[in-house]
Amino acid sequence: MALWVRTTMAKYCSYSTQLPIHFAERPISAFPAKRLLTVRSKAFSVQASAKDGSSTSVGFLGLGIMGSPMAQNLLKAGCDVTVWNRTKSKCDPLISLGAKYKPSPEEVAAECDVTFAMLADPDSAGFCVCVCVLILMFMNFTASYVDVSTVDGGTSKLINQRIKSTGASFLEAPVSGSKKPAEDGQLIFLTAGDKPLYDLASPFLDIMGKSRFYLGDVGNGAAMKLVVNMMMGSMMATLAEGLLLSEKVGLDPNVLVEVLSQGAISAPMYSMKGPSMIKSAYPTAFPLKHQQKDMRLALGLAESVSQPTPIAAAANELYKVAKARGLSDDDFSAVIESLRAKLGSS
Ligand SMILES: NC(=O)C1=CN([C@@H]2O[C@H](COP(=O)(O)OP(=O)(O)OC[C@H]3O[C@@H](n4cnc5c(N)ncnc54)[C@H](OP(=O)(O)O)[C@@H]3O)[C@@H](O)[C@H]2O)C=CC1
Ligand SMILES: O=CCCC(=O)O
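Analysis parameters
Each chain carries its own residue numbering, running from 1 in the direction its sequence is written. Each chain is given a letter, starting from A, and each ligand a number, starting from 1, according to the order in which they appear as written. Where totals are concerned, whole chains, interfaces and linings use all residues; where local detail is concerned, this predicted model gives features only for residues with pLDDT of at least 70, and gives and counts side-chain atom pairs only at 80 or more. Neither water nor hydrogens contribute to the side-chain values; these are computed over all heavy atoms in the structure. UniProt positions are given in the numbering used here, feature names are shortened, and annotations may be inferred rather than shown by experiment. In DSSP terms, a helix is any run of H or I states spanning at least four residues, a strand is any run of E spanning at least two, and both are numbered starting from the N terminus. Note on exposure labels: buried denotes an accessible area under 20% of the residue type's maximum, exposed denotes more than 50%, and partly exposed covers the range between, all computed with a 1.4 Å probe on protein chains only. Contacts are residue-level and defined by heavy atoms, with any inter-residue pair within 4.5 Å sufficient. When at least one non-hydrogen atom of a residue lies within 4 Å of a molecule or strand, that residue is treated as near it. Polar contact is defined as a pair of N or O atoms within 3.5 Å, subject to the rule that within protein one atom must be able to donate a hydrogen and the other to accept it, and that residues adjacent in sequence are counted only when both atoms are side-chain atoms. Per-residue and other accessible areas were derived by the Shrake-Rupley procedure at a 1.4 Å probe size, with only the shown protein chains allowed to occlude residues. Residues are sorted three ways: Asp, Glu, Lys and Arg are charged, Ala, Val, Leu, Ile, Met, Phe, Trp, Tyr, Cys and Pro are nonpolar, and all the rest, Gly among them, are polar. Any pair of Phe, Tyr and Trp rings, taking the six-membered ring for Trp, is counted once the centres come within 6.5 Å. Such a pair is stacked with planes under 30 degrees apart, edge-to-face with planes over 60 apart, and tilted for the rest. We count a charge as sitting over a ring when the NZ of a lysine or the CZ of an arginine lies within 6 Å of the ring centre and within 35 degrees of the ring normal. Expected span of a helix: the number of residues minus one, times 1.5 Å. In the sections that follow, a salt bridge refers to a side-chain nitrogen of Lys or Arg positioned within 4 Å of a carboxyl oxygen of Asp or Glu. In this analysis, a patch consists of residues with relative accessible area above 30% that form no salt bridge, clustered at 9 Å for like charges and at 5 Å for the nonpolar side chains Val, Leu, Ile, Met, Phe, Trp and Tyr. At least two DSSP bridges between two strands are needed for those strands to be called paired. A clockwise path from the first strand over the helix to the second, with the strands pointing away from the viewer, defines a right-handed crossover.

Looking at an unreviewed UniProt entry, one finds the protein chain named Glyoxylate/succinic semialdehyde reductase 2, chloroplastic, with Linum tenue as its source organism. The annotation that UniProt attaches to the protein chain under Function (unreviewed entry) is "Catalyzes the NADPH-dependent reduction of glyoxylate to glycolate as well as succinic semialdehyde (SSA) to gamma-hydroxybutyrate in vitro. May function in redox homeostasis and play a role in oxidative stress tolerance by detoxifying glyoxylate and SSA generated in glycolate metabolism and GABA metabolism, respectively."

Shown next, in the form of structure tokens:
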């Protein structure tokens, strides 16, 4: 089944442009009957137990920097969690904490009442939805899908359409907050979509986060997240410039960080990242490649409404330079290196 899904994906799904409409046209005979029956009967029993008010089973797709601690917090809170990750080894620590494992995203979606996805970008988020849609469609039962990845509104709306076409419900819920807030259950959820699913998912969001905003129609959560990250990316680029300028004119950049922390432009991010940037250390909490992806998506959002965003556009160029210098997997604070190169300071 998983192989069939992937073959079909490769044939039909160029996700960057659209989700695979052809999935809806695939005949049910294409699925091995025994597997479908097993999955279908499991689905009905899961649904029944959820209706009884007993435990809601939770799926988690994507166990990277963010997904792993988020799933771990669900497990620690006693939730019934089933995990999948493209690189299987990242599932092992969760399995040893009591998570169940499935070898494909669609099997997680088949097994669970609510499936969360925390994937890298629009392509990977779209891929997982494509394969899950197949199983949800043929199982004909009400499941739920919550995408907590950072994607653009267009992608999120397509995901919403495809999930809804199966009868399942959808919530977009990107998060503000990085690795440490994810570990501490202190994320901020920016949700939009099916209100009943928002209500159903809220207890889980509250385990993983400290607050949640319900923003209405799908696309609004993605837009809010992109505006926030666009500002964050520009702020980081400004901090980088300030640190390097202070150093060049003979000031101690550590003192600059202290001065900033006491004034009107104080920001937790400056105090957290400034000291390590001064030491040219960039331990990854938020990968630079994801920040550049968010700048790109935010600029696309601005373009869609003809809003000038010259500061963000300039900052985006710095992230692109940093990526070209091989810093994609470093923390986004490594953007300072693109200015060091320009100024020839190291
Ligand atoms: N880190 C942060 O501070 C924050 C990140 N975010 C957003 O959350 C999302 C995840 O971020 P983060 O955890 O940091 O990123 P990571 O790069 O650590 O994890 C990315 C996840 O996506 C999976 N993935 C990537 N490509 C594919 C693919 N083609 N098919 C299937 N799975 C794929 C990875 O699997 P594999 O392990 O196999 O590579 C991994 O599970 C991103 O959208 C990011 O912008 C949001 C808030 C904060
Ligand atoms: O998308 C990443 C956001 C990181 C943060 O909010 O600190």
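Okay, back to it.
## Examining the UniProt feature "active site" (unreviewed entry) in the protein chain
What UniProt calls "active site" (unreviewed entry) maps, in this numbering, to Lys-225. Tracing the chain through its elements places Lys-225 in helix α10 (residues 220-248). When its relative accessible area of 6% is taken as the criterion, Lys-225 is described as buried. Leaving out residues up to four positions away in the same chain, Lys-225 has contacts with Thr-150, Pro-174, Val-175, Ser-176 and Leu-190.

## Considerations on the site of ligand 2
In the vicinity of ligand 2, the contacting residues are Ser-176, Gly-177, Ser-178, Lys-225, Asn-229, Met-232 and Phe-286. The backbone of Gly-177 places a nitrogen or oxygen atom 2.8 Å from an oxygen atom of ligand 2. Separating an oxygen atom of ligand 2 from a side-chain N or O atom of Asn-229 is a distance of 2.8 Å. Contact with the protein chains covers 81% of the free accessible surface of ligand 2, which is 250 Å². Sorting elements by how many residues they give to the shell around ligand 2 places α10 first, with three residues. Looking at the shell around ligand 2 residue by residue, the classes come out as two nonpolar, four polar and one charged.

## Thoughts on the packing of aromatic side chains
Summed over all chains, the structure comprises four aromatic pairs. Considering the side-chain rings of Phe-286 and Phe-332, the 5.3 Å spacing of their centres and the 65 degrees angle between planes classify their relative orientation as edge-to-face. Taken together, the residues Phe-286 in the loop between α12 (268-278) and α13 (288-304) and Phe-332 in the loop between α14 (310-324) and α15 (336-343) connect sequence positions 46 residues apart. Ring-pair connections join several aromatic residues into one group, and the members of that group are Phe-60, Phe-116 and Phe-204. Stacked on the ring of Tyr-101, the Lys or Arg Lys-88 has its end atom at 4.9 Å from the ring centre. Sitting above the plane of the Tyr-214 ring, Lys-195 keeps its charged end 5.7 Å from the centroid.

## Thoughts on α13
With 17 residues, α13 extends 24 Å from end C-alpha to end C-alpha; this agrees with the ideal 24 Å at 1.5 Å per step. Residues of α13 that are buried include every one of Leu-288, His-290, Gln-291, Gln-292, Lys-293, Asp-294, Met-295, Leu-297, Ala-298, Leu-299 and Ala-302, and no others. Looking at the residues trailing α13, positive phi occurs at Ser-306, about 55 degrees.

## Concerning the site of ligand 1
Surveying the vicinity of ligand 1 reveals 25 residues, the closest of which are Asn-85, Thr-87, Lys-90, Ser-178 and Lys-293. Thr-87 places a polar side-chain atom, nitrogen or oxygen, 2.5 Å from an oxygen atom of ligand 1. One nitrogen or oxygen atom from the main chain of Leu-119 is found 3.0 Å from an oxygen atom belonging to ligand 1. Broken down by class, the residue content of the shell around ligand 1 amounts to eleven nonpolar, nine polar and five charged.

## So, the pattern of salt bridges
Evaluation of the coordinates by the stated rule reveals twelve salt bridges. Put simply, Asp-80 and Lys-100 hold a salt bridge, and the shortest N to O gap is 2.8 Å. One end of the pair, Asp-80, is in strand β2 (residues 80-84); the other, Lys-100, is in strand β3 (residues 100-101), and 20 residues separate them in sequence. Residue Lys-100 is classed as partly exposed on the basis of its relative accessible area, which comes to 40%. As a salt-bridge pair, Lys-273 and Asp-331 come within 3.0 Å of each other at their nearest N and O atoms. In this pair, Lys-273 is assigned in helix α12 and Asp-331 in the loop between α14 and α15, connecting sequence segments 58 residues apart.

## Overview of a nonpolar patch on the surface
Among the surface-exposed residues, Val-227, Met-231 and Leu-301 lie close enough to one another that they form a single nonpolar patch of about 240 Å² accessible area. Tracing the chain through its elements places Leu-301 in helix α13.

## A word on unusual backbone geometry
Even without a glycine there, the phi angle at Ser-280 is positive, about 55 degrees. Residue position: Ser-280 is located in the loop between α12 and α13. Accessibility expressed as a relative area gives 37% for Ser-280, which makes it partly exposed. Although it is not a glycine, Ser-306 adopts a positive phi angle of roughly 55 degrees. In this structure Ser-306 comes out as exposed when scored by relative accessible area, which is 66%.

## Remarks on the pairing of strand β5 (residues 144-147)
Covered by surrounding structure in β5 are Ser-144 and Val-146 together with Tyr-145 and Asp-147, the residues of both alternating faces. As judged from the four bridges shared by strand β4 (residues 114-117) and β5, these two strands associate in the parallel manner. Its bridge partner being in β5, Ala-117 is matched across the sheet by Asp-147. Bridge count between β5 and strand β6 (residues 169-172): four bridges; the pairing is parallel. Counterpart to Val-146 in the pairing with β6 is Leu-171. Handedness of the crossover joining β5 and β6 through helix α7 (residues 153-164): right-handed.

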